[in-house]
Amino acid sequence: MTYLSNVLFAIVLIIGFGYFYLNIKKIIRNINLGIAVNRTDNAKARWRNMAMIALGQSKMVKRPVAGILHIIVYVGFIIINIELLEIIIDGLFGTHRIFAPIGVIYDVLIGSFEILALLVLVAVSVFWIRRNIVKLKRFFNPDLKGFPKSDANYILYFEMFLMTLFLLMNASDLHLQNIPGGFSHFIKAGSFPVSQFIAPAFNGMSNELVMLLNEGFWWLHIVGILVFMNYLYFSKHLHILLAFPNTYFANLNPQGQFDNLASVTAEVKLMMDPNADPFAAAPVSENATPSKFGASDIQDLNWVQLLNAYTCTECGRCTSSCPANQTGKLLSPRKIMMDTRDRIEEVGRNIDANKGVFIPDNKTLLNDYITPEELWACTSCNACVEECPVNISPLSIIMDMRRYLVMEKSAAPMPINAMMTNIENNGAPWQYSQQDRLNWKNEN
Amino acid sequence: MSESLIVPTMAEMLAQGKQPEVLFWVGCAGSFDDRAKKITKAFVQILNRANVSFAVLGTEESCTGDPAKRAGNEFLFQMQAMMNIEVLNAYEAKKIVTACPHCFNTLKNEYPELGGHYEVVHHTEFLKSLLDSGRLTIEGGQFKGKRIAFHDPCYLGRANNVYEAPRDLIQKLDAELVEMKRSKANGLCCGAGGAQMFKDAEPGNKEINVERTEDALETKPHIIAAGCPFCNTMLTDGVKNKEREGDVKVMDIAELIANAQDI
Ligand code: SF4
Ligand code: SF4
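Model, not experiment: these values are computed from the prediction.

A. Structural view of the overall build of chain B. Secondary structure summary: chain B contains 11 helices and eight strands in total. Taking 18 Å as the expected radius of gyration for a compact globule of 263 residues, we find that chain B reaches 18 Å, a close match to that expectation. Its C-alpha atoms give chain B principal-axis dimensions of about 50 × 45 × 30 Å. The buried share of chain B, taken over its 263 residues, is 65%. Sequence-distant contacts in chain B: of pairs separated by 6 or more residues, those separated by 24 or more amount to 79%. In the form shown here, chain B has an accessible surface area of approximately 9400 Å², with 47% of it arising from carbon and sulfur atoms. Charge separation in chain B, taken as the distance between the mean sites of 30 positive and 37 negative side-chain charges, equals 5 Å.

Next up, the structure:
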């Protein structure tokens with residue numbers, strides 16, 4: 001009988017981790033659809049970023065209420081997962097509280113898990129209230145609808161469910177530990193600062209029933225964790241994993257420095273070289289990929305931008321600080337990130353369905369997801385980049401798409417075209433002659 | 001007063017075999033925009049007063065390409081950049097000062113990859129260094145006790161982390177520096193960046209410059225200070241929109257210093 005449950009547990013475990021592994025592989029493949037950029041320089045600064053921003057959550061606490069609650073949930077989640085190790089060993093080998101012999105330390109550990117579980121329950125409840133009763137504006141913007149909106153609540157319910165089960169499991173265990181003369185394998189171990197108050201609920205039940213309940217809680221808890229782990233892939237909650245690589249690979253240059261398009265540099269040099277033969281065709285190297293300026297779809301973005309899209313937590317801090325969004329324009333940097341992820345997933349499904357190759361589907365990120373109107377509303381002020389708690393840059397995607405609109409499609413708004421013509425002809429965005437540049441010197 | 005302006009060009013300097021301490025990059029707004037020209041002149045007055053050896057490119061200067069780059073036209077940007085770099089390198093420019101955060105950002109961050117390596121400073125940083133080294137002193141308490149709100153230009157602040165120099169200068173005026181609810185890294189854009197200056201805004205329910213001016217007016221300022229010709233225009237329009245041009249002035253830091261000195 002116990003044997004059977006060990007095997008069953010092993011199977012559940014393999015399915016849980018196996019499916020998780022497959023989905024992680026898919027994410028990595030999809031991120032690699034992006035073009036290559038090198039983000040391995042300056043490892044020291046990168047590790048520091050990751051330690052400060054992902055691990056230390058330095059940017060989260062800029063909004064203190066959400067920040068501190070988030071740290072509780074996060075620390076609680078990480079630490080309670082240590083408990084997972086014990087659960088897995090117990091499950092595989094039919095042991096019970098395998099770590100109990102470490103004595104006092106074990107008591108301290110279990111005790112602190114319990115306190116954290118309670119704190120997490122409180123924090124998650126406050127989050128739920130903020131979302132569903134206080135209705136914080138950034139959670140009700142029109143760009144957040146359908147699944148993304150319920151996703152956040154599902155996660156909160158999940159956490160409540162898991163924490164409650166953890167406490168119930170401990171409470172029933174404690175009840176059985178206290179049966180005079182000892183009951184079955186329930187040794188006296190652990191300390192239960194929280195669940196001791198729940199344990200009396202089991203008084204009056206038969207020992208066998210409580211044991212059955214205990215086993216039920218245990219199973220639900222572990223299966224719940226596995227399901228939750230696999231839910232990540234479908235959810236904005238993926239950030240609990242990806243925040244780490246995302247902050248590591250984030251841009252380290254000053255925010256105002258936009259990347260230099262090397263492909264353009266080559267052509268401009270050729271154009272400006274007085275010795276170049278103007279009628280010669282541009283040299284085409286053998287394996288030159290047909291170059292496209294800017295981005296109209298996810299394959300034109302770089303892999304860091306795609307990683308950004310998977311990492312986005314949909315918190316909307318970017319959107320709530322965006323000047324364009326605040327003044328009622330269509331642009332929402334959060335939507336830029338969500339659209340990008342949706343499109344990556346769509347392309348990924350296309351590849352899966354077509355045995356590993358992408359069959360054009362007459363859709364692109366530009367137009368089908370993101371409209372030029374959104375793109376042109378951006379002032380490139382970097383407020384979204386500054387605000388993002390996990391160092392995402394919605395701006396870099398906006399800029400790459402504008403580049404496509406301007407350089408490939410010549411589809412800039414009229415006044416922008418006029419501005420560019422002026423620069424070309426007069427060296428200034430206005431219609432003044434370059435010869436008049438110093439006139440101010442003699443004017444009154 | 002303008003007849004007293006001394007504005008040598010790099011070409012004139014070269015003819016005399018001289019290399020100025022610093023090249024003043026005037027920028028398109030500073031050269032052509034009526035409001036921004038006043039900022040340019042104020043800055044030159046201070047340079048003259050402090051006996052700084054400087055020169056401008058004059059008719060050899062061209063747009064840095066910033067608005068083209070932000071609009072997405074990398075071709076035009078790089079052509080502008082390479083032409084400017086050729087000129088700058090021909091004069092062996094080492095240090096550049098500019099009163100425009102957009103020129104500042106582009107010259108400082110985006111020219112190096114195309115072969116232009118210079119020490120680039122914003123005029124507020126340069127003015128502060130003049131004060132710190134004692135080459136410039138401010139007397140006269142014209143702004144004493146006045147409430148001055150400083151608006152952080154995105155391309156100076158968030159983009160390049162220059163927050164303190166302009167604030168230090170305001171405090172040197174014996175003025176009361178007041179902060180808006182959104183300032184420094186959390187500052188709100190004036191609405192002109194990203195080539196927005198040159199087009200109409202997308203449909204919305206408010207103009208960004210009005211939103212930002214409201215932030216500023218909340219601090220009950222006598223003066224709204226900026227360190228960017230574009231911010232200056234946007235906020236001036238915002239103040240007009242709120243019909244407050246009678247009691248609130250929008251001024252550049254250089255103008256504040258020049259006025260305090262009563263040059
Ligand atoms: S950079 Fe663009 S998208 Fe980001 S906050 Fe500024 S205006 Fe909004
Ligand atoms: S981009 Fe960053 S700030 Fe914006 S919603 Fe995503 S995680 Fe939040």
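B. How the structure looks around the overall build of chain A. Helices and strands together make up the secondary structure of chain A, namely 17 helices and zero strands. Rg of the C-alpha trace for chain A: 28 Å, well past the compact-globule value of 22 Å for 444 residues, more than 25% over. Residues classed as buried in chain A amount to 50% of the 444 residues present. Looking at chain A alone, contacts between residues at least 24 apart form 78% of all its contacts between residues at least 6 apart. Just so you have it, chain A exposes about 21100 Å², and 66% of that area is on carbon and sulfur atoms. Distance between charge centroids for chain A: 5 Å, based on 36 positive and 36 negative side chains.

C. Summary view of the packing of helix α9 (residues 208-217) of chain B against helix α10 (residues 229-241) of chain B. Residues and elements named next belong to chain B. Packing of α9 against α10 brings their axes to within 8 Å, and their N-to-C directions diverge by 75°. It follows from the interaxial angle that α9 and α10 lie roughly perpendicular. Judged by residue contacts, N209, V210, R212 and T213 of α9 engage M234, L235, D237, G238, V239 and N241 from α10. In terms of residue class, the contact of α9 with α10 is built from four nonpolar, four polar and two charged.

D. The arrangement of the site of ligand 1 in detail. Residues in close proximity to ligand 1 total 13 residues, the closest being A:C322, A:C378, A:C381, A:N382 and A:C384. Classifying every residue of the shell around ligand 1 by side-chain character gives 10 nonpolar, three polar and no charged.

E. Fine view of the pattern of salt bridges. Scanning the entire structure with this criterion turns up 43 salt bridges over all chains. Two residues, A:R403 and A:D400, come together in a salt bridge whose shortest N-O distance is 3.2 Å. One end of the pair is A:R403 and the other is A:D400, both in helix α16 (residues 394-408) and three residues apart, which spans about a single turn. Note on accessibility: A:R403 and A:D400 belong to one class, buried. Here B:E179 makes a salt bridge to B:R167, at a shortest N to O gap of 2.6 Å. Of the two residues, B:E179 sits in the loop between β6 (176-178) and α9 while B:R167 sits in helix α8 (residues 164-172), which places them 12 residues apart along the sequence. Given the relative accessible area of 34%, B:E179 is considered partly exposed. A relative accessible area of 2% places B:R167 in the buried class.

F. Structural context of the site of ligand 2. Residue and element names in this part refer to chain A. In the region of ligand 2, 13 residues are neighbours, and C312, C315, G316, C318 and C388 sit closest. Using a 2 Å cut-off from the grid points, one finds that ligand 2 occupies the second largest cavity. Of all the elements in the fold, those that place two or more residues in the shell around ligand 2 are α10 (317-321) and α12 (333-353). Partitioning the shell around ligand 2 into residue classes produces eight nonpolar, two polar and three charged.

G. Structural view of the layout of surface pockets. All names here are of chain A. Size it by volume and the second largest pocket reaches roughly 950 Å³. Looking at the second largest pocket, it is lined by 39 residues, and the ones nearest its centre are H70, E159, H237, H239 and I240. Contributions of two or more residues to the lining of the second largest pocket are made by α2 (43-55), α3 (64-93), α4 (104-132), α5 (147-177), α6 (207-231) and α7 (239-248). At eight residues, the largest contribution of residues to the lining of the second largest pocket is made by α3. Considered class by class, the residues forming the lining of the second largest pocket number 27 nonpolar, six polar and six charged.

H. Seen up close, the sheet that holds strand β7 (residues 223-226) of chain B. Residues and elements named next belong to chain B. Here four strands make up an open sheet; going across it, the order is β6-β5-β7-β8 and the pairing parallel. In the strand order of this sheet, the two ends are held by β6 and β8 (249-252), each with one partner. Between one strand axis and the next, the sheet turns by 35° as a mean value, whatever way the strands run. Along the sheet face, α10 touches β7 and β8 and points at about 175° away from the line of β8.

I. Structural view of unusual backbone geometry. Residue and element names in this part refer to chain A. Residue N42 is not a glycine yet carries a positive backbone phi of 45°. Within the secondary structure, N42 sits in the loop between α1 (2-31) and α2. On the basis of relative accessibility, which here comes to 46%, the residue N42 falls in the partly exposed class.

J. The arrangement of the pairing of β8(B) in detail. All names here are of chain B. Across four bridges, the pairing between β7 and β8 is parallel. Looking across to β8, one finds that I224 is bridged to V250. Read as a crossover between parallel neighbours, the route from β7 over α10 to β8 is right-handed.

K. Main features of the sheet that holds strand β4 (residues 119-122) of chain B. Residues and elements named next belong to chain B. Spatially, four strands are ordered β2-β1-β3-β4 in an open sheet, and the strand pairing comes out parallel. The sheet terminates laterally at β2 (54-56) and β4, the two strands that pair on one side only. Within the sheet, the average angular offset between the axes of one strand and its neighbour, ignoring direction, is 30°. Strand direction decides the pairing type here: strand β3 (residues 95-98) and β4, joined by four bridges, are parallel. Bridging across to β4, I96 finds its partner in V120.

L. Layout of the packing of aromatic side chains. Residue and element names in this part refer to chain A. By the definition in use, this model includes 20 aromatic pairs over all chains. Here the aromatic rings of Y233 and F234 are separated by 5.0 Å at their centres, their planes lie at 85°, and the arrangement is edge-to-face. Judged by its relative accessible area of 8%, Y233 falls in the buried class. Grouped by ring-pair contacts, the aromatic residues W47, Y248, F249 and W303 constitute a single cluster.

M. Seen up close, the interface of chain A and chain B. Facing the 63 residues of chain A at the interface are 71 residues of chain B. Interface area for chain A against chain B, summed over the two sides, is near 5800 Å², with a carbon-plus-sulfur share of 63%. Of all residues in chain A, the largest losses of buried area upon contact with chain B belong to A:W430, A:R437 and A:W440, amounting jointly to 15% of the total for that side. Our count for the chain A to chain B interface comes out at three salt bridges. Taken together, the connections running from chain A to chain B amount to 31 residue pairs in polar contact (both at pLDDT 80 or more). Along the lines of polarity and charge, the residues of the side of chain A that touches chain B split into 31 nonpolar, 17 polar and 15 charged.

Rules and cut-offs
All residue numbers refer to positions counted from 1 along the written sequence of the respective chain. For this description, chains carry letters from A and ligands carry numbers from 1, given in the order in which they are written. Totals for whole chains, interfaces and linings use all residues, but because this is a predicted model, local features are given only for residues with pLDDT of at least 70 and pairs of side-chain atoms are given and counted only at 80 or more. For side-chain calculations, the full set of non-hydrogen atoms in the structure is used, while hydrogens and water are omitted. In DSSP terms, a helix is any run of H or I states spanning at least four residues, a strand is any run of E spanning at least two, and both are numbered starting from the N terminus. Atoms counted for the radius of gyration: C-alpha only. Globule rule: 2.2 Å times residue count to the power 0.38. Burial classification: accessible surface area is computed with a 1.4 Å probe over protein chains only, and a residue below 20% of its type maximum counts as buried, one above 50% as exposed, and the rest as partly exposed. It only takes one pair of heavy atoms within 4.5 Å for two residues to be counted as in contact. Accessible areas in this description were obtained via Shrake-Rupley with a 1.4 Å probe; residue shielding takes into account the shown protein chains only. By the counting scheme adopted, Arg and Lys are positive, Glu and Asp are negative, and His together with the chain ends is not counted. The atoms used to mark charge sites are NZ of Lys, CZ of Arg, CG of Asp and CD of Glu. Lines are fitted to the C-alpha atoms to define the axes, a helix being fitted only along its stretch in contact, and any angle between axes, read from their N-to-C directions, falls within 0 to 180 degrees. Angle categories: roughly parallel below 35 degrees, roughly antiparallel above 145, roughly perpendicular from 65 to 115, and oblique for all the rest. Charged means Asp, Glu, Lys or Arg here, nonpolar means Ala, Val, Leu, Ile, Met, Phe, Trp, Tyr, Cys or Pro, and polar covers whatever is left, Gly included. Working definition: residue near molecule or strand if any one of its non-hydrogen atoms lies within 4 Å of it. A pair is scored as a salt bridge if a Lys or Arg side-chain nitrogen falls within 4 Å of a carboxyl oxygen belonging to Asp or Glu. Lining residues are those with an atom within 4 Å of a point, where the points come from a 1 Å grid over the protein atoms alone and group into cavities, where a 1.4 Å probe fits but cannot get out, or pockets, open sets with protein on both sides within 12 Å along at least five of seven lines. Assignment of a molecule to a cavity or pocket requires that more than half of its atoms lie within 2 Å of the corresponding grid points. Grid points are joined across faces, edges and corners, and a volume is the space filled by probe spheres set on the points. By definition, two strands form a pair when at least two bridges between them are found by DSSP. When the strands point away from the viewer and the connection leading from the first strand across the helix to the second strand turns clockwise, the crossover is called right-handed. Centres within 6.5 Å make a pair out of two Phe, Tyr or Trp rings, where for Trp the six-membered ring is used; the pair is then stacked when the planes are under 30 degrees apart, edge-to-face when over 60, and tilted otherwise. What gets called buried area is simply the loss in accessible area from a 1.4 Å probe that two parts show on being joined, summed for both. Polar contacts, as counted here, are pairs of nitrogen or oxygen atoms within 3.5 Å of one another; within protein the pair requires one atom able to donate a hydrogen and one able to accept it, and residues that are adjacent in sequence qualify only if both atoms are side-chain atoms.

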